[in-house]
Amino acid sequence: MTNAAPKTIYLKDYAPFGWIIDDVHLTFRLHPTATRVISRIRVRPDYDVPSRPFMLHGEGLTHISAKVDGHDAVITEVDGGIEVDVPHAPFNWEAEVEINPEANTALEGLYMSNGMYCTQCEAEGFRKITWYPDRPDVMAQFTVRIESDADHTPVMLSNGNGLYYAQDNTQSPAPNVSIYQDPWPKPAYLFALVAGDLVAHEDKFTTMSGREVDLAIYVRPGDEHKCAFGMEALKKSMKWDEDVYGREYDLDEFNIVAVDDFNMGAMENKGLNIFNSSCVLASPETSTDGNFERIEAIIAHEYFHNWTGNRITCRDWFQLCLKEGLTVFRDAQFTADMRSEPVKRIDDVIALRARQFPEDQGPLSHPVRPESFQEINNFYTATVYEKGAEVIGMLKTLVGDEAYAKALDLYFDRHDGQACTIEDWITVFEDSTGRDLSQFKLWYSQSGTPTVSVREEYKDDTFTLHFSQSSAPTPGQDEKLPQVIPVAVGLLNDNGDEVLPTQIVELTQAEQSISFNGHATRPIPSVLRGFSAPVTLTQDIDNARRAFLLAHDTDAFNRWEAGRMLARDSLLSAIRTGAAPNADYLDGLKALLRDDSLDPAYRALMLAQPTQSELAGVLHQDGDTPDPATIHTASEAMRQAKADAFADILPDLYAANQVDGPFSPDAVAAGKRALANSALGLITKLDGGATAAKQYAKADNMTLQLASLSALLDADAGDDALQAFYDQWRDDRLVIDKWFSLQVMHAKPETLADTTARLTNHIDFDWKNPNRFRAVMGMLAAHHAGFHHESGAAYTLLAEWLIKLDPVNPQTTARMCSAFQTWKRYDADRQAKIATQLERIAAQPNLSRDTAEMISRIRGA
Ligand code: ARG
Ligand code: ZN
């Protein structure tokens, strides 16, 4: 971590390691400040590739000793590790190093969280544990022996199957010894170790071939009652992957561990998934419906990685989307199957537009498969994950469900046990379908969000759609080639009947037309159904047409989209000209809300409107300079207009969607709560919080409690409830995260910075905990009108905290720098204020590689 010239790694420079690791034996003598790691590795030359120096990565290791075939090793330090003199023949490497888990605040490698040892090795954390070729194309079998003080670490886990657990009485004091063996070769990033005072919530799963697998979720004592939901989600995931992809689990045990200090959501380490506790612990009293759904999805995601990521892994980190895009796609399919397909699709598109579009439209834009990086942790992005999943979805749409299933079978068959590339993936589809996918592959290399424009023509019973596609320049890519864009299209008649069911129009050229013959009356097209491609659609249609589609579209996604676009255009007019909310929109929405044949979860999504940040993005795309204060006012006015226009139906809507009986987080009950809580938000605009106060008083689950507290804060009537909430939950870290977030979220734009600064002085603001830091600083950045308040106070506050966190935890700091990625959208004054903060961060001595790269990309330097 120095300011030495940053080193850029390029995809085009890939070279194989040159050596094959047959097996790895690791011994850990755990100690909070002085853990010894002894590694014994059997190595032989890879005769298929030109001979290469024997290079091992290592970072921050205290070297004790190293031997090659029993003789002291001759070592040369090189950038990022060591080179060792070795024979060009099979040999044994043996090394001992010391590391300090307690001092590891970066939470990468082996570290301590609340007295428990745990690891995070993806992407390049294993090199902080011992000397090793820390690259995903080196796969080896690991045997791990853990020794530790028996009192403090009764549980000691690693990957694979537990072989042995006992106290070793030949030593004094007698340590606990645990031995794990993983029969499946794996890259080092999938290594994991956990040791501590943990309790297990256990279960069993019988696989499709009849093998019994021991399942356990390990948590700190006191959290036992928060495991049941996660365990059910795990079993459902295991079953689903068998049923839908034919994939069976391959070890005798599968363990999940909850950790309080974790940089990301969770990690798919072979047989030992490690989770941010916020992504696995759940109870009705402490978790919202949204938490339950997210937990189910993340458990599925990490479990699905066992095949898409672990059995078949990535050759190098440029191929990250190979495992992440596919696994996100798979977890989305799972959620759609467990819950509601249209609701999941709408949720995902909302998230894509909120997180991936801004990334792709700003200075951080990069291809789904990046071609260079300085710090790979900076590329665990919405583009790699979510756009990566969209690309898989398009591929499936283009080849069809059956061909997709066949291709996946071939992929697993052909590449099991290998470290692969996007080329391998594409070739599997070409071989199994006979299609030429070279143009489709541009989705992996061209960055930016394409725009698709569509124009209609109707003549002599023929209806024609004229499409054009284009893509704005992005960093490093001035010119774009036309991409393969599957556009799902259906046609309706004036009565709203479908006269042409959904078809896939395959765009491959800059301009392309498609005609539909034999239409005696002019049909009404529904374009980009199901959001069949991650593009921006521009269509010259008026409000009346949108209102028609809102009432009649037979595609659930496009029906929602019609309402979303009406809301958006109404808000844009309000922002630009002060226009009143569009009556067509309010009327159409009202009719929908009343329609009890529609899923409440779907209606709740209908009631929401584009976020202020999304509106700012659209204004910017249209060549305007967004003013955050005006956007805020217009958004609030729209909510008030809805409350007024729906005043007569809101009480019924609220009452009809109450859920009685014991709490269940299932999709139907959650959907009703979502709709009731959305109604409550509007009711609060009319009754000043009276209904919300009643709900708060009797709430017996977090979904109801949080929604009513939120409504009260919105009405400036939440002070007492806020205090009561704190008193009730002060000992529950995950709930206190919510308590912090809520206050930031509901601050007035002009006092956001002060409110946030005050919260950072709170005794519970444990800023070294990533969840807590994000609960406050993440929300600060997410508060559009407050973060971009003209004073610039929030910019300064965030920059101060990023500067403070960077030496402690570069990864979390770097991720949060993206709060500034949209800075070029705004006026010169705001840009200047942000530029000052970016410069200030950049000027810090010893800035981490992570943060330095992010800031320089954001500045466009
Ligand atoms: N592979 C993990 C997942 O998708 C994410 C781990 C990323 N960690 C990191 N430090 N970049 O579930
Ligand atoms: Zn993943």
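Here the residue index of a chain counts from 1 through its sequence in written order. Note on labels: chains are lettered from A, ligands numbered from 1, in written order. Only residues with pLDDT of at least 70 get local features here, since the model is predicted, and only at 80 or more are side-chain atom pairs given and counted; chain-wide, interface and lining totals rely on the full set of residues. Hydrogen atoms and water are omitted, and side-chain values are computed over all heavy atoms in the structure.

Taking an unreviewed UniProt entry as the reference, the protein is identified by name as Aminopeptidase N belonging to Shimia haliotis. UniProt positions are given in the numbering used here, feature names are shortened, and annotations may be inferred rather than shown by experiment. Recorded in UniProt under Catalytic activity (unreviewed entry), the annotation for the protein is "Release of an N-terminal amino acid, Xaa-|-Yaa- from a peptide, amide or arylamide. Xaa is preferably Ala, but may be most amino acids including Pro (slow action). When a terminal hydrophobic residue is followed by a prolyl residue, the two may be released as an intact Xaa-Pro dipeptide." Database annotation for the protein, UniProt heading Cofactor (unreviewed entry): "Zn(2+)".

Caption draft 1: Here's a closer look at the overall build of the protein. The way it works is that DSSP assigns letters per residue, a run of H or I at least four long becomes a helix, a run of E at least two long becomes a strand, and they are numbered from the N terminus. Secondary structure assignment for the protein yields 27 helices and 31 strands. Its C-alpha atoms give the protein a radius of gyration of 28 Å, within 12% of the compact-globule value 29 Å for 861 residues. Taking the principal axes of its C-alpha atoms as reference, the protein extends roughly 85 × 65 × 60 Å. A 1.4 Å probe rolled over the protein chains alone gives each residue an accessible area, and that area as a share of the maximum for its type sets the label: buried under 20%, exposed over 50%, partly exposed in between. A total of 861 residues make up the protein; the buried ones form 59% of that total. Contacts in the protein between residues far apart in sequence, at least 24 positions, make up 70% of those at least 6 positions apart. In these tables, accessible area is a Shrake-Rupley quantity obtained with a 1.4 Å probe, and a residue counts as shielded only by the protein chains included in the view. Within the structure as shown, the protein displays about 32800 Å² of accessible surface, and the carbon and sulfur contribution to it stands at 49%. What the globule rule says is 2.2 Å times the number of residues to the power 0.38, and the radius of gyration is computed from C-alpha atoms. Contact criterion: two residues are considered in contact whenever any of their non-hydrogen atoms come within 4.5 Å of each other.

Caption draft 2: Summary view of the environment of Asp214. Mapped onto the elements of the fold, Asp214 is located in strand S18 (residues 212-219). What makes Asp214 partly exposed here is its relative accessible area of 39%. Each C-alpha atom of the pair Asp214 and Asn161 lies 10 Å from the other, and the pair is 53 residues apart in sequence. Among all residues touching Asp214, those that are not within four sequence positions of it are Asp203, Lys204, Asp252, Glu253 and Phe254.

Caption draft 3: A negative patch on the surface, seen in detail. Note on patches: the residues involved have over 30% relative accessible area and no salt bridge, like charges join within 9 Å, and the nonpolar side chains Val, Leu, Ile, Met, Phe, Trp and Tyr join within 5 Å. Whenever Lys or Arg places a side-chain nitrogen within 4 Å of a carboxyl oxygen from Asp or Glu, that contact is recorded as a salt bridge. When charges are tallied, Lys and Arg are placed among the positive residues and Asp and Glu among the negative ones, while His and the ends of the chain are skipped. Charge placement uses NZ in Lys and CZ in Arg. For Asp and Glu, CG and CD serve respectively. Negative charge collects at one region of the surface, where Asp540, Asp542, Asp584 and Asp587 lie side by side. Asp587 gets classed as exposed once you look at its relative accessible area, which sits at 53%.

Caption draft 4: Layout of the sheet that holds strand S3 (residues 35-45). Between any two strands, pairing holds if DSSP finds at least two bridges. Judged by pairing direction, the sheet is mixed, and its eight strands sit side by side in the order S6-S5-S9-S3-S2-S12-S15-S14 without closing on themselves. Lying at the two open borders of the sheet, with one neighbouring strand each, are strand S6 (71-72) and strand S14 (161-167). Where strand S5 (residues 62-68) lies against S6, two bridges are found, and the strand directions are antiparallel. In the strand pairing of S6, Lys67 is matched with Asp72.

Caption draft 5: View of the side chain of Glu390. One can find Glu390 in helix H5 (residues 382-399). With sequence-adjacent residues up to four places away left out, Glu390 is seen in contact with Arg345, Leu352, Phe531 and Pro534.

Caption draft 6: Representation of the site of ligand 1 in the model. Being near a molecule or strand, for a residue, means having at least one of its heavy atoms within 4 Å of it. The immediate surroundings of ligand 1 are formed by 15 residues, with Glu122, Glu268, Glu302, Tyr385 and Gln811 found nearest. Between a nitrogen atom of ligand 1 and a side-chain N or O atom of Lys323, the distance comes to 3.4 Å. A 3.5 Å cut-off defines polar contacts: any pair of N or O atoms within that distance qualifies, except that in protein one atom must be a possible hydrogen donor and the other a possible acceptor, and neighbouring residues in sequence count only when both atoms are side-chain atoms. Separating a nitrogen atom of ligand 1 from a side-chain N or O atom of Gln811 is a distance of 2.9 Å. Burial of ligand 1 by the surrounding chains reaches 97%, relative to a free accessible area of 350 Å².

Caption draft 7: Broad picture of H5. Helix span is expected to be 1.5 Å times the residue number reduced by one. Compared with the 26 Å implied by 1.5 Å per residue over 18 residues, the 25 Å span of H5 between its first and last C-alpha is a close match. Counting buried positions along H5 gives 16 out of 18 residues, so the element sits mostly inside the fold. Trailing H5 by a residue or two, Gly400 shows a phi angle of about 95°, which is positive.

Caption draft 8: Local environment of the packing of helix H4 (residues 341-360) against H5. Every angle, taken between N-to-C directions, lies between 0 and 180 degrees, and every axis is a line fitted to C-alpha atoms, over only the stretch in contact when it is a helix. Close contact between H4 and H5 brings their axes to 10 Å; oriented N to C, the two are set at 135°. Relative to H5, H4 is oriented oblique. Pair H4 / H5 crosses with left-handed handedness. Contacts between H4 and H5 involve Arg345, Leu352, Arg355, Gln356, Glu359 and Asp360 from the former and Ala382, Thr383, Glu386, Lys387 and Glu390 from the latter. In the contact of H4 with H5, the residues fall into two nonpolar, two polar and seven charged. Convention used here: angles under 35 degrees read as roughly parallel, angles over 145 as roughly antiparallel, angles from 65 to 115 as roughly perpendicular, and any remaining angle as oblique. Note on convention: near helix rotated counterclockwise from far helix by under a right angle means a left-handed crossing. Clockwise means right-handed. Classification used: nonpolar for Ala, Val, Leu, Ile, Met, Phe, Trp, Tyr, Cys and Pro, charged for Asp, Glu, Lys and Arg, polar for all others including Gly.

Caption draft 9: Highlighting the UniProt feature "domain: Aminopeptidase N-like N-terminal" (unreviewed entry) in the protein. Under the present numbering, the feature "domain: Aminopeptidase N-like N-terminal" (unreviewed entry) in UniProt falls on residues 96-164. The distance separating the terminal C-alpha atoms of residues 96-164 is 23 Å; by composition the span is 0% helix and 46% strand.

Caption draft 10: A look at the coordination of the zinc ion (ligand 2). Donors, by definition, are the N, O and S atoms found within 2.8 Å of a metal, the threshold being 3.2 Å for Na, K and Ca, and water is not counted, so a site can look incomplete. His301 (NE2), His305 (NE2), Glu324 (OE) and Glu324 (OE) make up the full set of protein donors to the zinc ion (ligand 2), lying at 1.9 to 2.8 Å. Along the chain, the residues that donate to the zinc ion (ligand 2) are spaced as H-x3-H-x18-E. One end of the pair, His301, is in helix H2 (residues 289-304); the other, Glu324, is in helix H3 (residues 320-338), with 23 residues separating them in the sequence. Accessibility assignment for this pair places His301 and Glu324 in one class, buried.

Caption draft 11: Inspection of the UniProt feature "domain: Peptidase M1 membrane alanine aminopeptidase" (unreviewed entry) in the protein at higher detail. The UniProt entry lists residues 229-440 under the feature "domain: Peptidase M1 membrane alanine aminopeptidase" (unreviewed entry), expressed in the numbering used here. The distance separating the terminal C-alpha atoms of residues 229-440 is 40 Å; by composition the span is 55% helix and 9% strand.

Caption draft 12: Summary view of the packing of aromatic side chains. For this analysis, a ring pair means two rings from Phe, Tyr or Trp (six-membered ring only for Trp) whose centres lie within 6.5 Å, classed as stacked if their planes differ by under 30 degrees, edge-to-face if by over 60, and tilted for the remaining angles. Here the structure, examined in full by the defined rule, presents 43 aromatic pairs. Across the ring face of Trp307, the terminal group of Arg247 is positioned such that the distance to the ring centre comes to 4.6 Å. We count a charge as sitting over a ring when the NZ of a lysine or the CZ of an arginine lies within 6 Å of the ring centre and within 35 degrees of the ring normal. The cationic tip of Lys824 hangs over the ring face of Trp823; the distance from NZ or CZ to the ring centre is 4.4 Å.

Caption draft 13: Quick look at the environment of Thr813. In this fold, Thr813 is placed in helix H25 (residues 810-816). It is 11 Å that separates the C-alpha atoms of Thr813 and Asn377, two residues lying 436 residues apart in sequence. Excluding residues that lie within four positions of it along the chain, Thr813 makes contacts with Leu802, Leu805, Asp806 and Thr851.

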